[in-house]
Structure formats: structure tokens, C-alpha cells
Amino acid sequence: MSQVGTEAQPLRVAVVGAGPSGFYATEALLKSDVPVCVDLIERLPSPYGLVRSGVAPDHPKLKQAIEVYKKVAEREGFRLLGNVTVGEDVTPQELSECYHAVIYACGAETDRRLGIDGEDLPGSHTATEFVGWYNGHPDYRDREFDFSHETAVIIGQGNVAADVARILSKSVDELKHTDIAQHALDALAESRIRTIAVVGRRGPVQAKFTGKELREFLELENCQTLIDPAELELNEASAAELEDQKLGAVPRKNYESFQQMTPKEGKSRTCRMMFCRSPVEILGDARIECVVLERNELSGEPFSQRASGTGETEELECGLLFRSIGYRGVSIEGVPFYDSWGVIPNQAGRILEEQDGAVVPGLYTTGWIKRGPSGIIGTNRACAVETVGSLLEDLNSLPEDRGGTEALLALLQGRGTRVVEFSEWQKIDAEEVRLGEPKGKPREKFTRREEMLAVLES
Ligand code: NAP
């Protein structure tokens, strides 16, 4: 048997998950000097992961990352195997038997929980559900949100919370020429929400919004963003954080944006930034009626201040609540998983049997499922380069004699799985764009797998 990673026996890699981290891992492999074939396996018929179904519809610039992924797909050695679910259509064990190496790049698909009473009452949702719903993700297509009450509450002050708040704040006119799913646009058109409270457990200096995302709240057409000035008073450690450049200029710039959040005339909606409060209970009979917030105080050294409850509580009436306190990875049976952190245990991308355990030969990971849900889209590129570096260092010790694509396709064919290749995705893509044209939208997304597959049969 010739050496793996030569012209005679190209390295055969399966990358699981066609989101940003999967594409960046594929790119790093295909740009390496090693002869390699990469099969990018995706459970939906559509690629691009959170760039398609996570990035907010009113942030089209962030979606330009897709142009980079299209270039990756043009490279020799690339193949998309869409509509294939690892763990259902094929087991991780079978996948490992087909490829010299498998890279898990399946992201963080669920949300962290608050762990409070009432969290699962109707009307209390995760940000993931809402984001997936307005972005037309098939898994969330049929979720229902009740926009008939005046107040919505969002728990968390990161960029996902900002996206959710902005979508609730905007009018249909502001959204109708984006790629927002039509069912979401129709439901939001009926929205009676007038106040959106965005609640952080720590203070304005610790909020996780990035500068540009926060500044957008100053420019909303129909919504003013308000803060009680008393909430901008800082303790000594927060004032020190503001002066320090450890985190760059973001905390200072954010603080300046918060200072500008003052009443504006002629706005029909209000977004309210609230700090140093944690939800302790969600109340309601048949559905959510109000959230009980406890006032927090901050303590500790600058940059490691923690919030602890003061015992003082207040009730905030609301008809809708979104938990936006960070995503969490989901385990795949047969792939090691470190439940406490919601990630695959790994060392520089090499999957470990358990946290601090031995390396599993031929298994790698990258992206949010490797390091947790942090960073912007581009952060995943460096992360993938590290993982692929580890894989290529291991070239001489990878398992040999693997059938690659043909072996996997034979297995899937036997199971009746309808694999969607990249050229087929391009047909679906073109059809979405065509359907968007008369509405002045960049595309009208198909929101059901069957609709996408039907395009291929027609
Ligand atoms: P995030 O940035 O980590 O923010 C999570 C928020 O939840 C923080 O305010 C955090 O407060 C709070 N939180 C955590 N646990 C809590 C609890 N038990 N109770 C109350 N609050 C709690 O997460 P994210 O917003 O989900 O974003 C994930 C990543 O995607 C981030 O890196 C983000 O920048 C990125 N993203 C970027 C964009 C963009 O570039 N436009 C858009 C969306 C997402 P503490 O600080 O106190 O922990």
C-alpha cells in the first residue's frame, strides 16, 4: 500500500458540517501541498451553516463570506455531500472506515439554559429558534411566536441578542428587501411589540456587543434605544476596565454609544438596555406573563468581575422572552463529547477520547464544536488552519486503506439517501434567487427540505 497523501493514494478526508468552519478546514486542506480529496458532508441540502441561517437578514455584508466558500467549492478535490446526516444516514464509525481522517465541524446547534423555573413556559424561547425561524432554517420553519403582547424581553447582551432585538425593532418596510423568510415577514407585519428589553447580568462595560452592532441601535428608523442614566454609573473596577486597553477600544466605544441612547421623537418602538439584572423566575399560568429579575452587584478585579444577586427583585411584564446567553454544542453518538463545556474534547484539533485523555487516531474537530461558541465568522479560519496543521503532521500515522467517496456513496445509496452535490445546490440557489426577484429580495429561501429536493426533480 502506498503512502497516504501521495498522487498514488490521495489523502481522503470527510469534513462534517458545511458552515464556515467546515469550509475553512476544506480550504486549508485543498490549499496544502498534499494531494487530497475532501468530502464536505452537510445534513441540509443547502450549505453555508450559520452564514445562511444565523447571520441576520439585514446584515448582507457578512454573507459575502459565501463568495469565499464558492471559490473553495471550485477547487479540485472538493465534493459536497449534502442532505446526509452523520448519526442517522451514516454512523461516525462507518465514516471513519471510509476516510483516512474525519474533521467534525458541526458547530454549536443549541442554546445554554438559564436553569430557572418557568423557562419552558410557552412564550419563552431560545434565540436559536427565533434566528433559525426568521432565516428560514427547515428545523425551525414551523415554530410559532406570539407577537401580540406589547413587551418582549431578551436575556443576554451579546451580538445574537442584538440581532434578535433589531429584528423585533424594525418595521416590515426595513426588512422586506432582505432575504428574511416570507413566513417571518408576514408574522412580524402583525407584531404589536412596542418595547424590547435587552437584559444583561453585568454592566455596560461588560456587555459583549461589538461596536458596530451596538451603534446600529442609534440609527434605527422606527425605534429609540433608551437607558436609565443611573445605570451608566460605574464602580471602580468597571471604570478601570474602561481606561485599560486590554480589550482594545470596544468597551469605551460601546460605553459612548450607551451614553447616546437618549429619547428620540417620532419612534413607535423602544428598545431598553437594562444592566446588572438576572432572571430568577418566569411566571405565568398557561404561558409567560412576566419575568422576575434580581438586581446584581459586581465584584472582583477588573476584567473578572462577577455578578451576584442582591436579593432585590422586580417583575417585568412580557408576552415573549428570548434566552440569548450563548450557544452550546450537541453530541453525536459515537464521537467523544465533553458535556460540561458542550464541546468535543481536543488538543489543537486532535479529538481526545475524553477531556485530557488519549488522542483518537484519524479524528479531528474545528470551529465552535472545538473551542466553544465565540468569535466572528473569520475567527474560524485560524481555528481550521490549526486543526488541518495537526492532521497534516499526523499524515504518516493515519489509518490506511480507505475507500473514500465511492465507499460512502455506496453505503448511502443502499440506504436510499438522496445526496445533494454542489452543482445541484447551485440549481436550488438559482431558483431561490429567481423567486426573490419580483419581491426585490436577494432570494426567497426554501424553508423545507422537500421544496429544495423538488427543484432537483423538476
Ligand atoms: P456571547 O457574545 O457570548 O453573549 C452571551 C451573553 O449572555 C453575555 O451577555 C453573557 O453575559 C450572557 N449570559 C451568559 N450566561 C448568562 C446567564 N446565566 N444569565 C444571564 N446572562 C448570561 O454569545 P452570543 O451573543 O450568542 O454570540 C456568540 C458569538 O457569535 C459571539 O462571538 C458573537 O460575537 C458572534 N456573533 C457575531 C455577530 C456579528 O458579528 N454580527 C452576530 C451574531 C453572533 P456575561 O458576559 O456576564 O457572561
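All of these numbers come straight from a predicted model, not from anything done at the bench.

A separate point is helix α15 (residues 422–436). Taking 1.5 Å as the rise per residue, α15 with 15 residues should run 21 Å; its terminal C-alpha atoms sit 21 Å apart, in good agreement. Buried residues in α15 make contact with α2 (49–53), α3 (65–74), β3 (78–82) and α16 (449–457).

Right, let's talk about the pairing of strand β12 (residues 290–299) for a bit. The buried fraction of β12 is high, at seven of 10 residues. In sequence, strand β11 (residues 277–283) turns back onto β12 through a hairpin of six residues.

What follows concerns the packing of helix α1 (residues 20–30) against helix α13 (residues 379–393). The geometry of α1 relative to α13 is characterised by a closest axis approach of 8 Å and an angle of 45 degrees between their N-to-C directions. Between α1 and α13, the angle falls in the class oblique. α13 is crossed by α1, and the crossing has right-handed handedness. Across the interface between the two elements, P20, S21, Y24, A25, E27, A28 and L29 of α1 pack against N380, R381, A384, V385, V388 and L392 of α13.

Attention now goes to the site of the ligand. Close to the ligand lie 21 residues, the nearest being Q157, R201, R202, E213 and G375. Within the side chain of R201, a nitrogen or oxygen atom sits 2.8 Å from an oxygen atom of the ligand. Considered on its own, the ligand offers 920 Å² of accessible surface; in the complex 84% of this is hidden by protein. Take the shell around the ligand: its biggest share by element is three residues, from helix α6 (residues 159–169). For the shell around the ligand, the per-class residue count stands at seven nonpolar, eight polar and six charged. Per-domain counts for the shell around the ligand show at least three residues from each of domain 1 (11–109 + 329–420) and domain 2 (113–326).

By size, the foremost hydrophobic cluster in this structure holds 43 residues, and its most contacted members are F130, L168, F258 and M273. Among the elements of the structure, α5 (127–134), β7 (151–155), α6, α8 (182–189), β8 (195–199), α11 (250–259), β10 (269–274) and β14 (320–323) are those that each provide at least two residues to this core. If you tally residues by element for this core, the top one is α6, at six residues. Residues within four places of F258 in sequence aside, it is in contact with P204, A207, F209, L214, I227, L232, M273 and F275.

Before going further, it helps to examine the side chain of S124. Within the secondary structure layout, S124 lies in strand β6 (residues 124–126). Residue S124 is classed as buried on the basis of its relative accessible area of 8%. For S124, the side chain forms a polar contact with the main-chain oxygen of E119, separated by 2.6 Å. Within the structure, S124 has its side chain in polar contact with the side chain of R323 (distance 2.9 Å).

For the rest of this paragraph, the subject is α6. Of all 11 residues making up α6, nine are buried, and the element is well covered by its neighbours. What α6 keeps buried is the set A161, A162, D163, V164, A165, R166, I167, L168 and S169.

As a further point, take unusual backbone geometry. Positive phi values are uncommon outside glycine, yet C276 reaches one of about 50 degrees. Position of C276 relative to the elements: it lies in the loop between β10 and β11. Classification of C276 as buried rests on a relative accessible area of 18%. You will see that D356, though not glycine, has its phi angle at about 65 degrees, which is positive.

Splitting the protein by domain gives domain 1 (11–109 + 329–420) and domain 2 (113–326). For domain 1 and domain 2, the distance between their C-alpha centroids amounts to 32 Å. Every contact between the two is made by 12 residues of domain 1 and, on the other side, 20 residues of domain 2. Both sides together, the interface formed by domain 1 and domain 2 hides about 1200 Å², and carbon and sulfur atoms give 50% of it. Looking only at domain 1, the three residues that lose the most surface to domain 2 are P57, D58 and H59, adding up to 43% of its buried area.

Attention now goes to a positive patch on the surface. Together, R112, R201, K208 and R306 line one region of the surface with positive charge. Within the secondary structure, R306 is located in strand β13 (residues 306–317).

To continue, consider the packing of α1 against α3. Running from N to C, α1 and α3 point in directions that differ by 40 degrees, and their axes come no closer than 10 Å. With respect to α3, the axis of α1 lies oblique. Crossing handedness for the pair α1 and α3: left-handed. Across the interface between the two elements, P20, F23, Y24, T26, E27 and L30 of α1 pack against V68, Y69 and V72 of α3. For the contact of α1 with α3, a count of residues per class yields seven nonpolar, one polar and one charged.

The strands that make up a sheet are held in pairs by hydrogen bonds between backbone atoms, and each pair lies either parallel or antiparallel. Taken together, three strands build an open sheet; the order of strands is β11-β12-β13 and the sheet is antiparallel. Two strands close off the open sheet at either side, each with one partner strand: β11 and β13. Taking the axes of each pair of neighbouring strands and ignoring which way they run, one obtains an average angle of 25 degrees across the sheet. Taken together, the nine bridges between β12 and β13 define a ladder with antiparallel strand orientation. If you follow V292 over to β13, its bridge partner there is E315.

Moving on, we come to the state of the cysteines. The full count for this structure, using the stated rule, is zero disulfides. Among the cysteines around C37, which has no disulfide bond, C98 carries the closest sulfur, lying 14 Å off. For C37, a relative accessible area of 26% corresponds to the partly exposed category. With no disulfide of its own, C223 has C271 as its nearest cysteine by sulfur position, at a separation of 5.3 Å. The class of C223 is buried, set by a relative accessible area of 2%.

Conventions we followed
Residues numbered from 1 in each chain as written. Predicted model: local features only at pLDDT ≥ 70, side-chain atom pairs only at ≥ 80, totals over all residues. Heavy atoms only, no water. Helix = DSSP H or I, 4+ residues; strand = E, 2+ residues; numbered from the N terminus. Expected span 1.5 Å × (residues − 1). Contact = heavy atoms within 4.5 Å. Buried < 20%, exposed > 50% of the residue type's maximum accessible area, 1.4 Å probe, protein only. Pairing = 2+ DSSP bridges. Axes fitted to C-alpha atoms, helices over the stretch in contact; angles between N-to-C directions. Parallel < 35°, antiparallel > 145°, perpendicular 65-115°, else oblique. Left-handed = near helix turned anticlockwise from the far one by under 90°. Near = heavy atom within 4 Å. Polar contact = N/O pair within 3.5 Å; in protein donor to acceptor, adjacent residues only side chain to side chain. Areas by Shrake-Rupley, 256 points an atom, 1.4 Å probe, with all protein chains shown as cover. Nonpolar A, V, L, I, M, F, W, Y, C, P; charged D, E, K, R; others polar. Domains from an automatic or database assignment. Core = buried A, V, L, I, M, F, W, Y, C linked by side-chain atoms within 4.5 Å. Buried area = accessible area lost by both parts, 1.4 Å probe. Patch = residues over 30% accessible without salt bridge, like charges linked within 9 Å, V, L, I, M, F, W, Y side chains within 5 Å. Salt bridge = Lys/Arg side-chain N within 4 Å of Asp/Glu carboxyl O. Lys, Arg positive; Asp, Glu negative; His and termini not counted. Charge placed at Lys NZ, Arg CZ, Asp CG, Glu CD. Disulfide = S-S within 2.5 Å.

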